[in-house]
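Each chain is listed here by its residues.
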Amino acid sequence: MRMFYYWDPTYILILIGALLSLGASAMVRSTYGKYSRVRNIAGLTGAQAAERILRNAGIYDVRIERVSGDLTDHYDPRNKVLRLSDTVYGSASIAAVGVAAHECGHAVQHDKSYVPLTIRSTIVPVVQFGSFLSWPLIILGFMLRGQLLITLGIVLFSAVVAFQIITLPVELNASRRALVLLEQGGILYRDEVNQAKKVLNAAALTYVAAAAASILQLLRLIILFGGRGRDD
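Conventions and cut-offs
Residues numbered from 1 in each chain as written. Predicted model: local features only at pLDDT ≥ 70, side-chain atom pairs only at ≥ 80, totals over all residues. Heavy atoms only, no water. Helix = DSSP H or I, 4+ residues; strand = E, 2+ residues; numbered from the N terminus. Expected span 1.5 Å × (residues − 1). Pairing = 2+ DSSP bridges. Axes fitted to C-alpha atoms, helices over the stretch in contact; angles between N-to-C directions. Contact = heavy atoms within 4.5 Å. Salt bridge = Lys/Arg side-chain N within 4 Å of Asp/Glu carboxyl O. Buried < 20%, exposed > 50% of the residue type's maximum accessible area, 1.4 Å probe, protein only. pLDDT = per-residue confidence, 0-100. Core = buried A, V, L, I, M, F, W, Y, C linked by side-chain atoms within 4.5 Å.

## With respect to helix α6 (residues 147-184)
Its 38 residues place the ends of α6 56 Å apart at the C-alpha level, agreeing with the 56 Å of an ideal helix rising 1.5 Å per residue. At the C-terminal side of α6, G186 shows a positive phi close to 70°.

## Some points on the sheet that holds strand β2 (residues 74-76)
Pairing within the open sheet is mixed, and its three strands lie in the order β1-β3-β2. Edge positions in the open sheet fall to β1 (63-67) and β2, since each of these has one partner strand only. The average angle at which neighbouring strand axes cross in this sheet is 25°, direction not considered. Bridge analysis of β1 against strand β3 (residues 81-85) gives five bridges, and the strand direction is parallel. Within β3, the residue paired with E65 across the bridge is R83. Of the strands in this sheet, β1 and β3 are in contact with helix α2 (residues 46-56), which crosses β1 at around 160°. Along the sheet face, helix α4 (residues 94-111) touches β2 and β3 and points at about 25° away from the line of β2.

## A word on the pattern of salt bridges
As enumerated under the stated definition, the model contains eight salt bridges in all. Residue R29 pairs with D70 through a salt bridge whose shortest N-O separation is 3.3 Å. Of the two residues, R29 sits in helix α1 (residues 11-35) while D70 sits in the loop between β1 and β2, which places them 41 residues apart along the sequence. The class for R29 is partly exposed, based on a relative accessible area of 48%. Exposure remark for D70: the relative accessible area of 39% places this residue in the partly exposed category. Across the pair E65 and R83 runs a salt bridge whose closest N-O atoms are separated by 3.5 Å. Taken together, the residues span a long stretch of sequence, with E65 in strand β1 and R83 in strand β3 at a distance of 18 residues. Among the residues examined, E65 registers a relative accessible area of 26% and is labelled partly exposed. The exposure class assigned to R83 is buried, which follows from its relative accessible area of 18%. Through salt bridges with shared partners, a single network forms among R63, E65, D76 and R83.

## Considering the confidence of the model for the chain
Summing up the model confidence of the chain, the mean pLDDT is 91 and the portion of residues at 70 or higher is 94%. Per-residue pLDDT stays below 50 along residues 1-5; that stretch engages in eleven contacts with residues further than four places along the chain or on separate chains.

## Remarks on the nonpolar core
Core analysis: the largest hydrophobic core is formed by 34 residues, its most contacted members being I53, L84, V88, L182, I187 and L188. Contributing elements (two or more residues each) for this core: α1, α2, β3, α4, α6 and α7 (190-225). Residue contributions to this core peak at ten residues, all from α4. Excluding residues that lie within four positions of it along the chain, L84 makes contacts with G46, A47, A50, I64, E65, R66, V67, D73, Y89, A100 and E103. By size, the runner-up hydrophobic cluster in this structure holds ten residues, among which are F142, I150, V161 and F225.

## Looking at the side chain of T167
Checked against the element boundaries, T167 lands in helix α6. Here T167 falls in the buried class, since its relative accessible area comes to 5%.

Encoded structure:
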């Protein structure tokens, strides 16, 4: 039986995924850090900009709340709550307004029944289940030499990868909506919108890197275990 925890060439796939994730994370923090020091001309905080964007979009049933942490901003479609982190909620920087606008983009998607967002929300329970059980099944299958368990684990992990892929158009579309809302609503001037775009583009790279890392991990699993039933 081959001991799969020894070095094998497929580890390079994990290394590539890790480097992509680290590079994307470094870029978003660098870009966000740069524009978090640039105050927008209107002097609007992230929370104030979000409130104005939602009103301009005709959305009056979404609450804006403050949440602790750094870059923990998110939109909760189940409770219709837009949560902004400490560094965004009360900051009047270009970066803060850009991030707040991005989360408003998700609220607009929800209001417009944007199909990819609906799909992503629908498969969340399956993804949570797959994320929790996929690796235990793969490891147990390897230990017991049970190809069925390994295959089931890979299938469940595939759901996690599918979620990462579906996330890409959702996030990119939210950023596009955000930039339009910022400019059309007169919240940021054109030069400021371009600066906010740099922040959102850097953030988008983290989702691209996460999807790529997941795909590479899935490819590694298929290479390692795809033919075990025939080899054993």
